[in-house]
Structures are given as C-alpha cells and as structure tokens.
Amino acid sequence: MKQHFLLWALAATLASGAAVAQTAQPPLQPIASLDVARYVGTWYEIAKYPNSFQKKCARNTRADYQAQPDGTLQVRNRCVMADGQTTEALGAARQIGPADSPKLQVRFAPAWLSFLPMVWGNYWVIDLDPQYQLVAVSEPERDYLWVLSRTPKVEPAAYQALLARLAQSGFDMTRLELSPQE
C-alpha cells in the first residue's frame, strides 16, 4: 500500500512537472524595429485582454499617438462608456533603446511623477504588418494584450492570421475579447 502511494505521488509529481514544462514560455519577442513616425496617428482597438483600467469602456475605444518636440509621444486614449459619455486618458510614451526600438514605455500618471519607474508601463510592439495597419501590443509577462487597427474594422483573414501568430507566441486566445467599434 505504501509503495502504491509513493508510485502515485511520484507519477503526480512528474506529471505536474511536465505540465509546468509545457506551459513555460520563451521570452516574448518584439518586432525587429519600429518606425515611430509611421506609427503615430489613430489606432482603433479591435480586441484586448480585459483589464481594470478599461472596465468602463463599452465601445469605440481608440488611441491617438502624436509626436512631441522632445522625442516622446503624446498618448490620448478614449472610449465611449455604457451611458454614452466619452472618457479619455492623456499620457506619454517614450522609446526604450535605439531610435528604431519596438519597446516603449507609457505613463498616464501626472508628468511630475514621471521620475518614478513604477508609473511607466511596458508597451512592446510584438506584431505589425508592413503597411502599419494592424498591430499587436503587449508586455514581457503577456498579462496585457491589445490588437489595434488603423480602421474600425479589420479584414477577417488578416485578423485570423494575427491571432494564429499570437497563439504561437504563447498568448491565451480564450482571454481575448472583441472591442465593439461603431
């Protein structure tokens, strides 16, 4: 009986170790380079992983990026809430690394707090079509994910191909929720 229990415990331990090994993911890789001048402008949110700071957004979520003289980007996120009111958040983004780095950091805290590292969140461009029309953005831990497009509607084949690439990169597609655009 004792040996049977030990064998069962050993098998369970090995199985759980195999499960952990199967779910372990390689580090997230951003795209090779980003042309920020081409990236600026309006992006419509097509889908996202749900998050606490967008709970009130019901539809028409978009982000507007505008280059600033100091090399940063102004970020204006807006959406329509369930009551029909529009809400927006104004922030800033900065590139991390060289001028073509796809790694950015974004903050929505007041500018006077920008010296604090904790107010900056990672914003990595992880997939982007050559025409700069469809993009996926995340961060190293894959806790957040956004699919953005230059237009409120996306060609289904392009969207499905992007989802397939995201799944191959270790993203849980069951967490992804569509963002209504009217």
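Throughout this description, residue numbers start from 1 for each chain and increase along the sequence as written. The model is predicted, so local features are restricted to residues of pLDDT at least 70 and side-chain atom pairs to those at 80 or more, both for listing and for counting; the totals for chains, interfaces and linings are taken over all residues. Note: side-chain values were computed over all heavy atoms of the structure, leaving out hydrogens and water.

Colleague: Looking at this structure, how should I read the environment of Arg62?
Modeller: Counting through the fold element by element, Arg62 comes out in strand 2 (residues 57-67). Remark: the alpha-carbon pair of Arg62 and Ser149, spanning 87 residues in sequence, is separated by 9.2 Å. Look past the residues within four positions of Arg62 in its chain and what remains in contact with it is Thr42, Trp43, Tyr44, Glu45, Arg76, Asn77 and Arg78. The term polar contact refers here to a pair of N or O atoms within 3.5 Å; inside protein, the definition further demands a hydrogen-donor-capable atom paired with an acceptor-capable atom, and it admits residues adjacent in sequence only when both atoms are side-chain atoms. A polar side-chain atom of Arg62 sits 3.2 Å from a polar atom in the side chain of Asp64. By the criteria applied, helices consist of DSSP H or I runs no shorter than four residues and strands consist of E runs no shorter than two, each listed in order from the N terminus. Throughout, a contact is declared for two residues whenever any of their heavy atoms are within 4.5 Å.

Colleague: I would appreciate a short explanation of the environment of Asn77 in the present structure.
Modeller: Turning to its location among the elements, Asn77 is positioned in strand 3 (residues 73-81). Burial here depends on accessible area, computed with a 1.4 Å probe over protein chains only, as a share of the maximum for the residue type. Under 20% is buried, over 50% is exposed, and the range in between is partly exposed. Judged by relative accessible area, which is 28%, Asn77 ranks as partly exposed. In the structure, Asn77 is positioned 35 residues away from Thr42 in sequence and 9.7 Å away in space, judged by C-alpha atoms. Apart from residues no more than four positions distant in its own chain, Asn77 is found in contact with Arg62, Ala63, Thr87, Glu88, Ala89 and Phe108.

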